[in-house]
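# Coordinate analysis (summary)
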Amino acid sequence: MTRRTVLAGSAGLAAGGIASLPFLLPKYDKVRRPRRSRVAILPANSYFQNLEQLLMEGLRLFNLDARGKRVLLKPNLVDYIPVSEINTHPSLVAAAAECFRRLGTLEVCVGEGPGHQHDTELVLMDSGFADKLLEHRIPFVDLNRRELIKAKLRATYTGLDHLWLPRAVVESDFVVSMPKVKAHHWAGVTLSMKNMFGVVPGSKYGWPKNILHWRGIQQSIVDICATVPIHFVIADAIVAMEGNGPLAGTPRPLNRIILADDPVAADATCARLMGFTPERIPHIAETAKFLGNASVELIDQLAQPLIAADPPFRVVPEFQHLRLN
């Protein structure tokens with residue numbers, strides 16, 4: 001057993017305790033939940049099929065108005081390990097960029113602030129992102145090291161009053177969260193809302209965004225997503241991850257891409273696909289009170305029906321209670 005293993009295990013136990021704490025009092029500025037939300041589950045058997053055509057057909061279901069907008073695609077780019085269950089696949093990100101270009105956007109860029117590695121260029125090169133971005137002429141923004149502006153939080157579950165956020169994020173017109181669907185040893189799941197940890201700059205808050213971890217992961221997710229709007233979700237579940245995510249789990253193919261116009265609905269749907277009860281995940285349950293819809297009765301299910309994984313995704317012991325059975 002290595003020192004890293006010991007530290008990860010103890011931190012996981014601490015975070016598991018934090019995750020079980022109820023959010024007793026509302027700490028958000030106002031209710032912004034839409035009356036209804038839309039989620040589309042698309043079948044996708046591999047990263048080598050025509051993802052651009054598939055995504056374009058899915059996006060048409062939402063009648064998105066992206067013309068003239070500055071679009072930021074925010075993938076989950078955690079580490080330089082080039083395996084399909086760790087990071088959002090670069091082929092899916094490139095396909096999304098091409099689709100938004102076809103929708104008439106003013107510009108499309110990819111932005112990420114990796115939480116586990118200081119050298120973003122190394123992560124881009126070894127994960128396959130650098131070649132794919134170059135091939136499609138997609139600009140990249142290192143959110144760990146760009147110009148920052150002070151943003152007042154629209155929820156205060158962490159006890160913080162503000163965050164320093166990259167200007168490139170705050171001034172984007174349309175933010176698309178593109179998570180890799182994974183179990184997570186500290187948050188239960190890492191989906192479109194947990195993915196937004198990557199907009200918080202490591203140069204200001206440490207690696208892996210330590211200040212947010214100390215303030216509570218579940219609480220930090222709620223505060224970030226209340227403050228930085230996610231306008232759309234494209235979740236990579238072609239090959240997902242179960243077990244000890246976000247880095248040490250095992251691949252679990254779901255052969256799905258999930259699109260949504262509401263991050264809460266997206267994450268609730270992804271959790272159900274994984275065989276979990278979203279109401280038992282604190283950050284999903286809390287954001288469902290004011291930010292989006294988690295109830296199946298308030299989500300219009302487009303494309304394929306929602307069928308839970310059987311058996312449910314494996315998780316670390318602290319999160320066994322999330323599983324449906």
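Presented here is an overview of the structure given in this document. Think of each chain on its own: its residues are numbered from 1, step by step along the sequence as written. In view of the model being predicted, local features appear only for residues whose pLDDT reaches at least 70, and side-chain atom pairs are presented and counted only at 80 or more, with totals across whole chains, interfaces and linings using the full set of residues. Water and hydrogen atoms were dropped before computing side-chain values, which therefore reflect all heavy atoms in the structure.

### Re the pattern of salt bridges
The following threshold applies: When a carboxyl oxygen of Asp or Glu lies within 4 Å of a side-chain nitrogen of Lys or Arg, that pair is called a salt bridge. The secondary structure listing takes helices from DSSP runs of H or I that are at least 4 residues long and strands from runs of E that are at least 2 residues long, numbered from the N terminus. Partly exposed residues are those whose accessible area sits between 20% and 50% of the maximum for their type, while under 20% is buried and over 50% is exposed, using a 1.4 Å probe and protein chains only.
One pass over the structure, following the stated rule, counts 18 salt bridges. Where E112 meets K74, a salt bridge forms, and the shortest distance between an N and an O atom there is 2.9 Å. Linking E112 in strand β3 (residues 107-112) with K74 in strand β2 (residues 70-75), this pair joins segments that are 38 residues apart in sequence. Judged by relative accessible area, which is 2%, E112 ranks as buried. For K132, the salt bridge goes to E135, with nearest N and O atoms at 3.7 Å. Remark: E135 and K132 occur in helix α5 (residues 129-135); sequence separation between them is three residues, near one turn of the helix. A residue is classified by how much of its surface remains accessible, and E135, at 55% relative accessible area, is exposed. Three or more residues joined by partner-sharing salt bridges are found here, namely D29, R32 and R154.

### Notes on the packing of aromatic side chains
Stated precisely, the cut-off is as follows: Only Phe, Tyr and Trp rings take part, Trp by its six-membered ring, and two of them pair if their centres are within 6.5 Å. Stacked means planes under 30 degrees apart, edge-to-face means over 60, and tilted covers everything else. A ring has a charge above it when a Lys NZ or an Arg CZ is no more than 6 Å from the ring centre and no more than 35 degrees off the ring normal.
The final tally for this structure, using the stated rule, is four aromatic pairs. Arranged with centres 5.9 Å apart and planes meeting at 55°, the rings of F100 and F174 form a pair that is tilted. Of the two residues, F100 is situated in helix α3 (residues 90-102) and F174 in strand β7 (residues 174-178); the sequence distance between them amounts to 74 residues. We note that F100, like F174, is buried. Seen from their ring centres, F276 and F313 are 6.5 Å apart, and the 80° between their planes marks the pair as edge-to-face. With F276 in the loop between α10 (263-273) and α11 (282-287) and F313 in the segment after β12 (299-303), this pair connects stretches of sequence that are 37 residues apart. When the ring centre of F197 is taken as reference, the NZ or CZ atom of K194 above it lies at 4.2 Å.

### With respect to the layout of surface pockets
So the rule is basically this: In this analysis a 1.4 Å probe is tested at points of a 1 Å grid over the protein atoms alone, and where it fits but cannot get out there is a cavity; an open set with protein on both sides within 12 Å along at least five of seven lines is a pocket; lining residues have an atom within 4 Å of a point. Grid points are joined across faces, edges and corners, and a volume is the space filled by probe spheres set on the points.
Taken as a whole, the second largest pocket encloses approximately 250 Å³ of empty space. Forming the walls of the second largest pocket are 13 residues, and the residues nearest its centre are R32, I230, D261, P263 and L291.

### Describing the environment of A268
Stated precisely, the cut-off is as follows: It only takes one pair of heavy atoms within 4.5 Å for two residues to be counted as in contact.
With respect to the secondary-structure elements, A268 resides in helix α10. The class of A268 is buried, set by a relative accessible area of 0%. Residues A268 and I284, spaced 16 residues apart in sequence, show a C-alpha to C-alpha distance of 6.9 Å. If sequence neighbours within four positions are ignored, A268 has contacts with P278, I284 and A294.

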